[in-house]
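Coordinate analysis (summary)
So the chains spell out like this:
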Amino acid sequence: YQLIEQAEAAAEPALPTDAGFDRIQEAITLDAVSVRYNGREASALAGVTLRFPARTTTAIMGESGAGKSTLADVLMGLLEPDSGTMQIDGQRISGEDLMRWRASVAYVPQDAFLFHDSIRNNLLWGKADADDEALRQALQRSAAEFVFALPQGLDTVVGDGGILLSGGERQRLALARALLKKPALLILDEATANIDTVTEQLLESILRKLPGHTALVIIAHRLNTIENADEIFFINAGAITPAGS
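Here goes a summary of the coordinates provided.

**Section: the pattern of salt bridges**
Under the criterion given, the structure shown has six salt bridges. Between Glu-12 and Arg-102 there is a salt bridge; the shortest N-O distance is 2.8 Å. Of the two residues, Glu-12 sits in the loop between helix 1 (2-10) and strand 1 (27-35) while Arg-102 sits in helix 3 (residues 96-102), which places them 90 residues apart along the sequence. Glu-12 gets classed as partly exposed once you look at its relative accessible area, which sits at 48%. Overall, the relative accessible area of 22% leaves Arg-102 in the partly exposed class. Bridged by salt links that share partners, the residues Arg-120, Asp-132 and Asp-155 form one connected network.

**A look at the packing of aromatic side chains**
Within the structure shown, the criterion is met by two aromatic pairs. Taken together, a centroid distance of 5.2 Å and an interplanar angle of 25° make the contact between Phe-115 and Trp-125 stacked. Linking Phe-115 in the loop between strand 6 (105-108) and helix 4 (119-123) with Trp-125 in the loop between helix 4 and helix 5 (132-141), this pair joins segments that are ten residues apart in sequence. By relative accessible area, Phe-115 is classed as partly exposed at 36%. Of the residues examined, Trp-125 reaches a relative accessible area of 62% and is grouped as exposed. In this structure an aromatic cluster arises from ring pairing among Phe-113, Phe-115 and Trp-125.

**A word on helix 5**
By the burial criterion, the buried members of helix 5 are Leu-135, Ala-138 and Leu-139. Viewed end-on, helix 5 has its buried residues packed into an arc of 100°, placing them on one side of the element. On its buried face, helix 5 sits against helix 4, helix 6 (146-149) and helix 7 (167-180). One or two residues past the end of helix 5 sits Ala-143, with phi positive at roughly 55°.

**A short note on the sheet that holds strand 2 (residues 45-53)**
One open sheet accounts for four strands, arranged 2-1-4-5; its pairing is antiparallel. Whereas interior strands pair on both sides, the edge strands pair on one side only; in this sheet they are strand 2 and strand 5 (91-92). Bridge count between strand 4 (residues 83-88) and strand 5: two bridges; the pairing is antiparallel. Looking across to strand 5, one finds that Gln-87 is bridged to Arg-92. Sheet strands in contact with helix 2 (residues 68-76) are strand 1, strand 2 and strand 4, and its direction is about 125° off that of strand 1.

The rules behind each value
Residues numbered from 1 in each chain as written. Predicted model: local features only at pLDDT ≥ 70, side-chain atom pairs only at ≥ 80, totals over all residues. Heavy atoms only, no water. Salt bridge = Lys/Arg side-chain N within 4 Å of Asp/Glu carboxyl O. Helix = DSSP H or I, 4+ residues; strand = E, 2+ residues; numbered from the N terminus. Buried < 20%, exposed > 50% of the residue type's maximum accessible area, 1.4 Å probe, protein only. Phe/Tyr/Trp six-rings, centres within 6.5 Å; stacked < 30°, edge-to-face > 60°. Arc of directions from axis to C-beta. Contact = heavy atoms within 4.5 Å. Pairing = 2+ DSSP bridges. Axes fitted to C-alpha atoms, helices over the stretch in contact; angles between N-to-C directions.

The structure is reproduced here in structure tokens:
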């Protein structure tokens, strides 16, 4: 009962009906953002100031525990900074705006999760009202045309966690699901870490053709994954070091 009370006390209000930002015109900006978790002496992010311009690819590199995941959570609007601000095109984002912003962000993790359901229903988690034409375009843009060759096509059941598909196929479906919502910000968090080289090169070519209004952030360990990024930053102990292109 104590846990239920804590959860209810921490619950957020319902998402506003006018959810979402259509696109980023200029940039996402973090200004002196700091985050520290309860029970930890060191800050997860320490006064981070970064700019993520629209229509560009920004790469973030760093060791495990350096602060990459916390940075991603702040960018996605899942975590509000203890100090500092996040701005979209110069507008400070907090409160309800932070919740609206989440609807404009797509995130592809290292281990893409798929439900034991059809490909169609797995994709519709990205945009529930998408029609078959939108699904087809998203699959084409993510190089997931293999779906059309399957006997049941979009109605193919993928198994628990997508076990009936290869790792590369699961990642391409996860990318299609992300692209389906036409995000203003797309974050790839080690999204190519568990796939073969051929599939990784294929995904990289796809990412270079993203819609012009999308800001792309890639979190990675390997340099070859981010060689086409417009700008690369290193994060260490919550602090950012610029590294150029």
